[in-house]
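# Coordinates in review
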Amino acid sequence: MSKAPKNTEVKQGSEDLEARLVTLRAEIDEIMAALADKAQAEAEEAAHSVADTAEDIGEEVLKEARRALKQIHKQASSLEKTLGVQTRANPLQTLAIAFGAGFIVSLLMTRR
C-alpha cells in the first residue's frame, strides 16, 4: 500500500510540472511576440527617420547645386561681357588669335 500513494504523488508532481511548463511556454511565447512587435515598430521608426534624413540631405544638395549653377552662370556672363569688350577693342588681334587656334586644331586633326 505504501507504493500506491507514492506513485500517485509522483504522477501528480509530474502533471504539475507539465502544467507549469505549458504555462511558462505560453508566457515565453507572449514575451517573444511582444518583443517582435516592439522591434518591428522601432525598425519602422528608424526607417522613417532615415528616409526623412535622406530627403533633407537631398534637398540641401539640390539647393547647393542651384547656388553653384547660378554662380557659374554669373561668371560665364561676366566672361562673355569681358570677351565682347576685348573683341571690340582689338578686332585684328582677336582675328589673329582665332585664325591661329583654328590652324593648330586643323593640324592636330589631320595628323594621326
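A brief structural summary. (Residues numbered from 1 in each chain as written. Predicted model: local features only at pLDDT ≥ 70, side-chain atom pairs only at ≥ 80, totals over all residues. Heavy atoms only, no water.)

### Some words on the environment of G102
- Structurally, G102 is set in helix α2 (residues 91–110).
- Separated by 28 residues in the primary sequence, G102 and K74 place their C-alpha atoms 28 Å from one another. (Helix = DSSP H or I, 4+ residues; strand = E, 2+ residues; numbered from the N terminus.)

### Regarding the pattern of salt bridges
- Applying the stated criterion across every chain yields a total of 1 salt bridge.
- Across the pair R67 and E64 runs a salt bridge whose closest N-O atoms are separated by 2.3 Å. In this pair, R67 and E64 are both assigned in helix α1 (residues 3–89), 3 residues apart and thus about one turn of the helix distant. (Salt bridge = Lys/Arg side-chain N within 4 Å of Asp/Glu carboxyl O.)

### A look at a negative patch on the surface
- A grouping of D52, E55, D56, E59 and E60 is seen on the molecular surface, where their side chains present a negatively charged patch.
- Relative to the elements of secondary structure, D56 occurs in helix α1.
- Overall, the relative accessible area of 49% leaves D56 in the partly exposed class. (Patch = residues over 30% accessible without salt bridge, like charges linked within 9 Å, V, L, I, M, F, W, Y side chains within 5 Å. Areas by Shrake-Rupley, 256 points an atom, 1.4 Å probe, with all protein chains shown as cover. Lys, Arg positive; Asp, Glu negative; His and termini not counted. Charge placed at Lys NZ, Arg CZ, Asp CG, Glu CD. Buried < 20%, exposed > 50% of the residue type's maximum accessible area, 1.4 Å probe, protein only.)

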